[in-house]
Amino acid sequence: MLKAYYYLLMRDLRLAFRSRHELANPLIFFVLVVTLFPLAVSPTTEALRTMAPGVIWVSALLAVLLSLDRLFKQDFEDGSLDQLMLSPNPLVVLVLAKVTAHWFLTGLPLVLIAPLLGLFMALPDESVEVLVYSLLLGTPVLSLIGAIGVSLTVAVNRGGVLLSLIVLPLYIPVLIFGANAVDVAMDGLPVRGQLFFLAAVLALALSLAPLATAVALRITASR
Amino acid sequence: MLEIRALECIRDDRLLFSDLNFSLSAGEVMQVEGPNGCGKTSLLRIVCGLRQPEEGEVLWQGESIRHNREDYYANMVYIGHLPCIKGDLTVLENVRALLDTRSLSIDAKTTEAALARVGLAGFEDVPGKALSSGQRRRILLAFVELAGAKLWILDEPLTALDVQGVALMESMILEHRAAGGSVMFTTHHGMQLDCDMRSIELSAYSHADWQERD
């Protein structure tokens, strides 16, 4: 079972590294949006600091949303998804492997580049640290919840709008607490509450989202 | 081994078949026949558990496949219309990826022998996107052979295969049957199987007259 998890994760990572241009898309989107804001709004430190948490978090969220399609689309189109569902291994484990791969390829790069963007937006050091923590806890939730949405819409032609409608409301709590943690850290206040909340949401998503995704995939397959 | 009970399938408000009963025991080969759109693919997808029937159930070793999925899937291999092949992976990696989802660790020698048998010797390191559609289907044949399942469910396995490919598929089915395995397949190409073969005409179960009266 663990082997199946590992092999599927490795297969997805290998596939992604063989088509690197796709790999860079969410990252480029994230960096571009965040760097455009100072140009469009105001480059003063004061203004940048006020909007930084929100801008960075919204961009990260949209970057993940745009990359969600990749999670099951290709497997659905070439029939590999059927084979995953016919595996003697629990589908939940395989789903978790796919979501892990997705996070490694989209969420993790965003987390790694975030300190640089924090610097662009003139965030003070201690809130950059909080920004990284909040993204580290928040982005896996985005991938996990996104997987439910994708598994429901993968069979729908141009299901992008539908996907956003399903997924965005569920993303809101993560966005609020993630951005708020960074905001609060700038004022020098304790951020433990927000980070603990994000950790709790992550635990919840980790335990429930793969189950929901597996069920949704079976529904999609019985089309 | 496999038992189908009172199966009914409705697709887009159209009754494809109903009250379909049959069973398949070890060493039996069965062809599902019928015109296009009569529900052959739907039937095979129901039998392998990908699709839920409106009525009835599929039993494996006397138990509903919904309750013993693990055992059933370890003993069943399905290939459908879609190639399941990743263009960015090599032939060898593609077979491995398919086998890995079944948690089968098969040594390199056996894998290469199976690839050689389906005529892909020397293509092991060629990426999937450089292959013809017939060659992609041949990867699936190697996968079916290596999967070591008792029950093969093959939906149009001869698509895109050349004459040698068809002959290969035929001999694979015969060998599988001789080893006590069962096969359920559909095809619109002539398959000359030199053995007892059952066939089921699916359109006979569509109950068209009943449908019209309703």
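Residues numbered from 1 in each chain as written. Chains lettered and ligands numbered in written order. Predicted model: local features only at pLDDT ≥ 70, side-chain atom pairs only at ≥ 80, totals over all residues.

(A) Looking closely at the interface of chain B and chain A. Counting from both sides, the interface comprises 22 residues of chain B and, opposite them, 22 residues of chain A. Listed by contribution, the elements that provide at least two residues to the side of chain B that touches chain A are α2 (69–74) and α3 (91–101) of chain B. For the side of chain B that touches chain A, the element with the most residues is α3 of chain B, which contributes four residues. Of the residues belonging to the side of chain B that touches chain A, the class tally is twelve nonpolar, four polar and six charged. (Contact = placed C-beta atoms within 7 Å. Helix = DSSP H or I, 4+ residues; strand = E, 2+ residues; numbered from the N terminus. Nonpolar A, V, L, I, M, F, W, Y, C, P; charged D, E, K, R; others polar.)

(B) Up close: the domain arrangement of chain B. Residues and elements named next belong to chain B. Each domain of chain B was delimited in the assignment, giving domain 1 (1–75 + 150–214) and domain 2 (82–148). A per-element tally of the side of domain 1 that touches domain 2 places helix α6 (residues 163–178) first, with five residues. Taken together, the residues of the side of domain 1 that touches domain 2 sort by class into six nonpolar, three polar and one charged. (Domains from an automatic or database assignment.)

(C) How the structure looks around the sheet that holds strand β2 (residues 14–24) of chain B. All names here are of chain B. Ordered by their spatial adjacency, four strands build an open sheet running β2-β1-β4-β5, and the pairing between neighbours is antiparallel. At either margin of the open sheet sits one strand with a lone partner, and together these are β2 and β5 (63–64). Summarising the sheet, strand β1 (residues 2–11) and β2 pair through seven bridges and their orientation is antiparallel. The residue of β2 that forms the bridge with L7 is L20. Against the sheet, helix α1 (residues 40–47) makes contact with β1, β2 and β4 (55–60), and its axis sits at roughly 130 degrees relative to β1, the strand it touches most. (Pairing = 2+ DSSP bridges. Axes fitted to C-alpha atoms, helices over the stretch in contact; angles between N-to-C directions.)

(D) Spotlight on the sheet that holds strand β3 (residues 29–33) of chain B. Residue and element names in this part refer to chain B. Spatially, β6-β7-β8-β3-β9 is the arrangement adopted by the five strands of the open sheet, whose pairing is parallel. Of all strands in the sheet, those with a lone pairing partner are β6 (76–79) and β9 (198–201), marking the two edges. The average angle at which neighbouring strand axes cross in this sheet is 15 degrees, direction not considered. One ladder, built from four bridges, connects β6 with strand β7 (residues 151–155); its direction is parallel.

(E) Molecular detail of the confidence of the model for chain B. With 96% of its residues at a pLDDT of 70 or more, chain B shows a mean pLDDT of 89. Both confidence scores are given for the complex: pTM 0.92, ipTM 0.89. (pLDDT = per-residue confidence, 0-100.)

(F) Representation of the packing of helix α1 (residues 2–18) of chain A against helix α6 (residues 91–120) of chain A in the model. All names here are of chain A. In the contact formed by α1 and α6, the axes pass within 8 Å of each other and the chain directions differ by 35 degrees. The chirality of how α1 crosses α6 is right-handed. Residues A4, Y5, L8, L9, D12, L13 and A16 of α1 form the contact with α6, whose participating residues are V93, L94, L96, A97, K98, T100, A101, F104 and L105. In terms of residue class, the contact of α1 with α6 is built from 13 nonpolar, one polar and two charged. (Left-handed = near helix turned anticlockwise from the far one by under 90°.)

(G) Quick look at the packing of α6 of chain A against helix α7 (residues 125–153) of chain A. Residue and element names in this part refer to chain A. Contact pair α6 / α7: the axes reach a minimum separation of 9 Å and the direction vectors enclose 155 degrees. What the angle tells us is that α6 and α7 run roughly antiparallel. Two packed elements cross with a definite hand, and for α6 against α7 that hand is right-handed. In this structure, α6 contributes V95, V99, H102, W103, G107, L110, V111, A114, P115 and G118 to the contact, and α7 contributes V128, L131, V132, L135, L136, T139, P140, L142, S143, L144 and A147. For the contact of α6 with α7, the per-class residue count stands at 16 nonpolar, five polar and no charged. (Parallel < 35°, antiparallel > 145°, perpendicular 65-115°, else oblique.)

(H) Examining helix α8 (residues 160–186) of chain A more closely. All names here are of chain A. If you look at α8, its biggest bend is around 40 degrees, right at L168, and the proline P169 turns up within four residues after that. Taken residue by residue, α8 has L163, V167, Y171, V174, F177, G178, A179, A181, V182, D183 and A185 as its buried positions. Buried residues belonging to α8 abut α3 (45–67), α7 and α9 (192–221). One or two steps after α8, the chain reaches G188, where phi turns positive at roughly 75 degrees. (Bend = angle between axes of the 7 residues up to and from the residue. Buried ≥ 20, exposed ≤ 12 C-beta atoms within 10 Å, placed from the backbone.)

(I) Examining the environment of V154 of chain A more closely. All names here are of chain A. Here V154 shows up in the loop between α7 and α8. Given 23 C-beta atoms within 10 Å, V154 falls into the buried group. What V154 contacts, discounting residues up to four positions off in sequence, is F72, K73, F76 and T220.

(J) Representation of the nonpolar core in the model. Formed by 121 residues in total, the largest nonpolar core has its most connected members in I56, A60 and I145 of chain A together with M76, A142 and I153 of chain B. For this core, the element with the highest residue contribution is α7 of chain A, accounting for 14 residues. Of the residues that make up this core, three or more belong to each of domain 1 (1–75 + 150–214) and domain 2 (82–148) of chain B. With residues near it in sequence (within four places) discarded, I153 of chain B still touches L44, V47, C48, M76, Y78 and M184 of chain B. (Core = buried A, V, L, I, M, F, W, Y, C linked by C-beta atoms within 7 Å.)

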